[in-house]
Amino acid sequence: MVPQFLVSVFMLASIANAHFTIEYPEMRGDSFATGASQYNYPCANVNQTSSTNRTMWPLTGGSLNLDLHHQWTYYFVNLGLGTDYPTFNITLTQQLLNETGIGTLCVPQIVLPVGVTISDGQNASIQVVTVGQSGSALYNCADITFSSTATTLSGSSCTNSSNVAVAVVQASNTTTTSHSTSTPSAASGKRSGLISTGGAAVV
Ligand SMILES: [Cu+2]
């Protein structure tokens with residue numbers, strides 16, 4: 001019989017090795033380093049320094065590339081305007097998104113919400129939050145400068161792993177008699193199938 005504490009240690013180790021990284025824009029720093037923890041809001045305890053790298057992002061929004069290490073996650077992207085530790089009060093994910101699959105998730109352009117006006121040279125930070133089955137969130141941040149000459153990643157430089165998919169979480173149909181009475185469109189059929197479990201988490 002395996003002692004319970006050993007099982008716990010192994011589980012913790014596997015959890016710590018997972019988590020996620022922001023591949024683009026460049027992450028503020030190593031959130032796996034000693035003293036950092038992705039469990040820490042808002043930016044995994046990774047501090048900004050005078051040498052903080054800033055990626056140029058187009059004024060209308062830029063690319064986001066994540067390396068995700070869990071079987072599934074909800075994820076959120078928030079924006080904070082300012083140079084030093086801005087508040088992440090602008091959400092860039094207008095809907096609740098459920099990502100499935102371990103690998104690369106690349107969004108060619110995260111479009112800024114209507115009403116958010118950006119000036120050339122504006123500094124900002126991006127916060128990516130993932131939430132899994134336990135309810136505890138993971139955080140990573142990247143620092144950017146909005147620039148009128150910046151471009152988005154395109155084509156082969158921004159593709160998802162073949163096993164990675166994203167579905168918008170929506171209220172499921174409350175009809176209880178049958179799943180076969182409606183004929184979902186080709187566009188919505190597969191995606192809604194991923195999440196039509198009455199609100200329960202999907203692994
Ligand atoms: Cu993890």
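Anyway, here's the lowdown on the structure attached to this text. The shown structure was predicted, so the numbers you read here are calculated from the model rather than taken from an experiment.

**Notes on the coordination of the copper ion**
For the copper ion, the full set of protein donor atoms is His-19 (N), His-19 (ND1) and His-70 (NE2), and the range of their distances to it is 2.0 to 2.3 Å. Of this pair, His-19 sits in the loop between α1 (4-17) and β1 (20-24) while His-70 sits in the loop between β3 (64-68) and β4 (72-81), placing them 51 residues apart in sequence. Look at His-70 and you get partly exposed, because its relative accessible area is 30%.

**Thoughts on the nonpolar core**
If you look at soluble globular proteins, the nonpolar side chains tend to sit buried side by side. Counting residues in each nonpolar core, the largest one holds 26 residues, and the members touching the most others are Ile-22, Trp-57, Leu-66, Leu-79, Leu-92 and Phe-146. Mapped by element, the contributors of at least two residues to this core are β1, β3, β4, β8 (123-131) and β9 (137-146). Counting residues per element, this core draws most heavily on β9, which supplies 4 residues. Residues Trp-72, Val-131, Ala-137 and Tyr-139 belong to the second largest nonpolar core, which totals 6 residues.

**Remarks on the pattern of salt bridges**
Applying the stated rule across the entire model yields 1 salt bridge. Arg-28 is the partner of Asp-143 in a salt bridge, and the nearest nitrogen-oxygen pair spans 2.8 Å. Residue Asp-143 is located in strand β9, and its partner Arg-28 is located in the loop between β1 and β2 (55-57); the two are separated by 115 residues in the primary sequence. For the pair Asp-143 and Arg-28, a shared accessibility class is recorded, and that class is buried.

Thresholds, definitions, all that
- Residues numbered from 1 in each chain as written.
- Predicted model: local features only at pLDDT ≥ 70, side-chain atom pairs only at ≥ 80, totals over all residues.
- Heavy atoms only, no water.
- Donors = N, O, S within 2.8 Å, 3.2 Å for Na, K, Ca; no water.
- Helix = DSSP H or I, 4+ residues; strand = E, 2+ residues; numbered from the N terminus.
- Buried < 20%, exposed > 50% of the residue type's maximum accessible area, 1.4 Å probe, protein only.
- Core = buried A, V, L, I, M, F, W, Y, C linked by side-chain atoms within 4.5 Å.
- Salt bridge = Lys/Arg side-chain N within 4 Å of Asp/Glu carboxyl O.

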